[in-house]
Amino acid sequence: MKLEIKDLHASVEGKEILKGVDLSIGQGEAHALMGPNGSGKSTLAYTLMGHPKYQVTSGDVLIGGESIIKLTPDKRVKKGLFLAFQYPVSVQGVSMFSFLRAAYNNSRPPGTEPPTIFEFREEVAAKLKMLSMDETFLNRYLNEGFSGGEKKRAEILQMALMRPKFAVLDETDSGLDIDALRIVAEGINKVSGPDTGSLLITHYQRILKYVKPQFVHVMHQGRIIQSGGEELSRLLEEKGYSWITGYKEEEAAQQPA
Amino acid sequence: MIAVVSQKELGAFDESLASALSESRSEPRWLRDIRLDSYGKFKELPTERNPLYTKYASTFGFDISGVGVSPVPAKIDFRSFFQGYLTGKERNILLQGNETQVHAELDDDLASKGVMLLSMEEALRKDERLVRSLFEQRLARPESDKFVAFVGAFFNCGTVVYVPRGVAVDRPLRRMFLLDGPKSGVIDQTFVCAEEGSKVVFLEELYSKGPAASSMVASTVEVRARPYAQVDLSSIQLLDEQALHVSNRAVETLADAKATVSSLELGAAVSRSRTNFLLNGRGSLAEGFEIFFTDAKQRYDFETNLFHNSPDSTGSTQARGVLKGESQSIFKGMIKIVNAAKNSRSYLAHHAMLLERTAKSDAIPGLEIDNNEVKATHSASVAQIDEEQLFYLMARGLSLDETKRMVVLGFFEPVLSRVPIEQTREGARFMIEGKWDGVKRRLVDRETLLAEEGETTPEVRQTEDIFERHYKYR
């Protein structure tokens, strides 16, 4: 099964941000999406998940050959899509435990019996351990008062419980110190099984030391302008984005208008 | 501004009704005089005005002269009347079926310690001196509020709760109002008195059996927490959407006493409620927790004031409400700290969530502070449901309906989780969920359900000190 993004154009409040994105991710593949600020990486993430502010103007997104762009976010989850948020939203009064349970039950294949509260508690406890998280975490309100590291870990915890086919991780490395980064990265590795296709959005190469992508893509001005293997990320780290973006701009300037 | 009640509409509510109520109950002369005095104040006081009340339909939203308050209460068969509202195992409860009161026995150990949970009539028979002193030193003054005066003149029922010095009542004392049929009127004058060092929980519930056009529950509840006493009061209101609810509460805390008032309002066409906390003793503590959830055309008009009259007193009131449909609410609150009330802390908060553009809510908090060595703060907000929260939860597979439900129920939690009485706290969650799902649920339904299934999600309670988070004025 594949997640296919085909010539995707999307705009926010009338302004076009994505200007024809093409990308195909197979289950089991790890992709990294890099690019300078404002290149449209997070817009791609929100558009894939179906944020109402991001309007698809043309193109398509398919999972297993079926278009998902008309579906509400919850229906996309049921197709196997997951988004780890760059800025997870806090919700007062909703306990982490009841939230996780709802997310878990809603991401299960249809027709399967949800686990009892005791079975679920065991399942969560195992995942918490894997992410070096304390169980008291479950009694807190959803993301409320969480540190940056706790928020990101909580996102990976949700991914671990929901077991998506395709996971988009939007700057999951941002705002983490080096220890937290390692824990989160290891978490991503443990959670991404052979059935998970992932798209890791990042500015920096540092997380790619832990999470090894097979494919690296560079985004600029709403398009993917370069794709390659892991070596591409190292070249970017050495030479900076202008190495590619500048080159591409030159190339564009040379073409007759 | 629309009048709450005009003289014309009062119909049968006149001096002769006040006298007749007194005579039919063979009340002592002093009480008859109090009724007549209250009636006088009631007549003198100007009509109460509020922008929320319905146009043309006046006052209470219906014809108050239609409310049936007869001098002599009709008899009811309480067993069939309360069928479905009680498990049948209740004790320590006073039942009010329309105008008829039924008293369930107090447990022997409580009765032998001198604890009282009595109807006004019984209380007058048992301890007239006590009742007289409560009336003569009323905290809720008839000259200050038209509805305090109204209730003082026309009360057709009442409750007296008395806890002697040093007695800790370890189970809730309860009362339940049940209205049946249109034109039923319950006008209630109640006193709760906790003597020095005593402790009591008083839990009231208000329900209607069916459509209750031209029905009314009007109530004045006075709470006295004498030095070192602790009183936790809770009130759950789920009257029919055609009924009127008017309530006045005056809660006094003397030295080192503590009083809390937790209220859940879900029903009635119009609910108009005033709570005054009178922190009259050094080191006393008063807390209000107000939860409401309105829909359709419900109108809620709440006012809660904290009067700090003594040093080292701590007061807070936190209200949270969600409004659907074309419902409206207004919340007024005032913190008054007199010069003598040095080192007092006070906090007032009102937060409302609007689920539809047609719903409206206003908050008018105020401060009057005559001493610089105090900490007082208020916060208020009225906002639509947060779109980013909806997206986040939907991105976790919850449908839009489930998402809204979770966000709305969560919105109450910062206040609800602080409600000190477990029965009220858990019961309120259960009833709010019911209202969200369009089902009327009562406390008894939760008890029945609990008996059937054991699975519960762990509860998260807020314990953080609100004064640590809010310190606008010091």
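What counts and what doesn't
- Residues numbered from 1 in each chain as written.
- Chains lettered and ligands numbered in written order.
- Predicted model: local features only at pLDDT ≥ 70, side-chain atom pairs only at ≥ 80, totals over all residues.
- Heavy atoms only, no water.
- Helix = DSSP H or I, 4+ residues; strand = E, 2+ residues; numbered from the N terminus.
- Rg over C-alpha atoms; globule rule 2.2 N^0.38 Å.
- Contact = heavy atoms within 4.5 Å.
- Areas by Shrake-Rupley, 256 points an atom, 1.4 Å probe, with all protein chains shown as cover.
- Lys, Arg positive; Asp, Glu negative; His and termini not counted.
- Charge placed at Lys NZ, Arg CZ, Asp CG, Glu CD.
- Buried < 20%, exposed > 50% of the residue type's maximum accessible area, 1.4 Å probe, protein only.
- pLDDT = per-residue confidence, 0-100.
- Salt bridge = Lys/Arg side-chain N within 4 Å of Asp/Glu carboxyl O.
- Buried area = accessible area lost by both parts, 1.4 Å probe.
- 1 Å grid on protein atoms, 1.4 Å probe; cavity = no way out; pocket = protein on both sides within 12 Å on 5 of 7 lines; lining within 4 Å.
- Points joined across faces, edges and corners; volume = space filled by probe spheres on them.
- Nonpolar A, V, L, I, M, F, W, Y, C, P; charged D, E, K, R; others polar.

1. With respect to the overall build of chain B
A count of helical and extended segments in chain B gives twelve helices and 21 strands. Its C-alpha radius of gyration of 22 Å places chain B within 12% of the 23 Å reference for a compact globule of 474 residues. Seen through its principal axes, chain B has C-alpha atoms that stretch 70 × 50 × 50 Å. The long-range fraction of contacts in chain B, counting pairs at least 24 apart against all pairs at least 6 apart in sequence, stands at 84%. Taken as a whole, chain B presents about 18,000 Å² of accessible surface, with 47% of it coming from carbon and sulfur. Once the 61 positive and 69 negative side-chain charges of chain B are each reduced to a mean point, those two points are 2 Å apart.

2. A short note on the overall build of chain A
The number of helices and strands found in chain A is eight helices and twelve strands. Here chain A has a C-alpha radius of gyration of 19 Å; the compact-globule value for 257 residues is 18 Å, and the two agree. Once the C-alpha set of chain A is aligned to its principal axes, its extents read approximately 65 × 40 × 35 Å. A total of 257 residues make up chain A; the buried ones form 53% of that total. Within chain A, contacts between residues at least 6 apart in sequence are counted, and of these 68% link residues at least 24 apart. Counting every atom, chain A has about 11,500 Å² of accessible surface; 49% of that belongs to carbon and sulfur. One finds the centroid of the 31 positive side-chain charges in chain A at a distance of 2 Å from the centroid of its 32 negative side-chain charges.

3. As for the confidence of the model for chain A
For chain A, the mean per-residue pLDDT works out to 91, and 96% of the residues sit at or above 70. Ranking the helices and strands of chain A by mean pLDDT puts strand E5 (residues 66-67) of chain A first, with 98, and helix H8 (residues 242-254) of chain A last, with 67.

4. Things to note about the pattern of salt bridges
Residues and elements named next belong to chain B. One pass over the full model with this rule turns up 39 salt bridges over all chains. Asp-145 is paired through a salt bridge with Arg-272; the nearest N and O atoms lie 2.9 Å apart. Residue Asp-145 is located in the loop between helix H6 (128-136) and helix H7 (146-154), and its partner Arg-272 is located in strand E14 (residues 270-279); the two are separated by 127 residues in the primary sequence. Taking relative accessible area as the criterion, Asp-145 reaches 12% and is therefore assigned buried. For Arg-272, a relative accessible area of 1% gives the class buried. We note a salt bridge from Asp-312 to Arg-282, for which the minimum N-O separation is 2.7 Å.

5. Description of the interface of chain A and chain B
The interface is formed by 40 residues belonging to chain A together with 26 residues belonging to chain B. Carbon and sulfur atoms supply 65% of the area that chain A and chain B bury against each other, a total of about 2,600 Å² over both sides. For the pair chain A and chain B, the interface holds two salt bridges. In this structure, B:Glu388 engages A:Lys53 in a salt bridge whose closest nitrogen and oxygen atoms are separated by 3.7 Å.

6. Regarding helix H1 (residues 41-49) of chain A
All names here are of chain A. By the criterion of burial, H1 is predominantly enclosed, with eight of the nine residues buried. Along H1, the positions that sit buried rather than exposed are Lys-41, Thr-43, Leu-44, Ala-45, Tyr-46, Thr-47, Leu-48 and Met-49. Of the residues trailing H1, Gly-50 is marked for its positive phi of about 90°.

7. Here's the deal with empty space enclosed by the protein
Residues and elements named next belong to chain B. Summed over all chains, the structure comprises three cavities of 30 Å³ or more. Taken as a whole, the largest cavity encloses approximately 60 Å³ of empty space. The wall of the largest cavity is formed by Arg-175, Phe-177, Glu-204, Leu-206, Val-217, Ser-219, Val-221, Ser-235, His-245, Ser-247 and Arg-249. Those elements that provide at least two residues to the lining of the largest cavity are strand E7 (173-179), strand E9 (199-208), strand E10 (216-225) and strand E12 (244-253). Along the lines of polarity and charge, the residues of the lining of the largest cavity split into four nonpolar, four polar and three charged.

8. Focus: unusual backbone geometry
Residue and element names in this part refer to chain B. In this model, Asn-92 sits at a positive phi of 55°, which is unusual for a non-glycine residue. If you trace the backbone, Asn-92 turns up in the loop between helix H3 (78-81) and strand E3 (93-97). Relative accessible area serves as the criterion here: at 3%, Asn-92 is assigned to the buried category.

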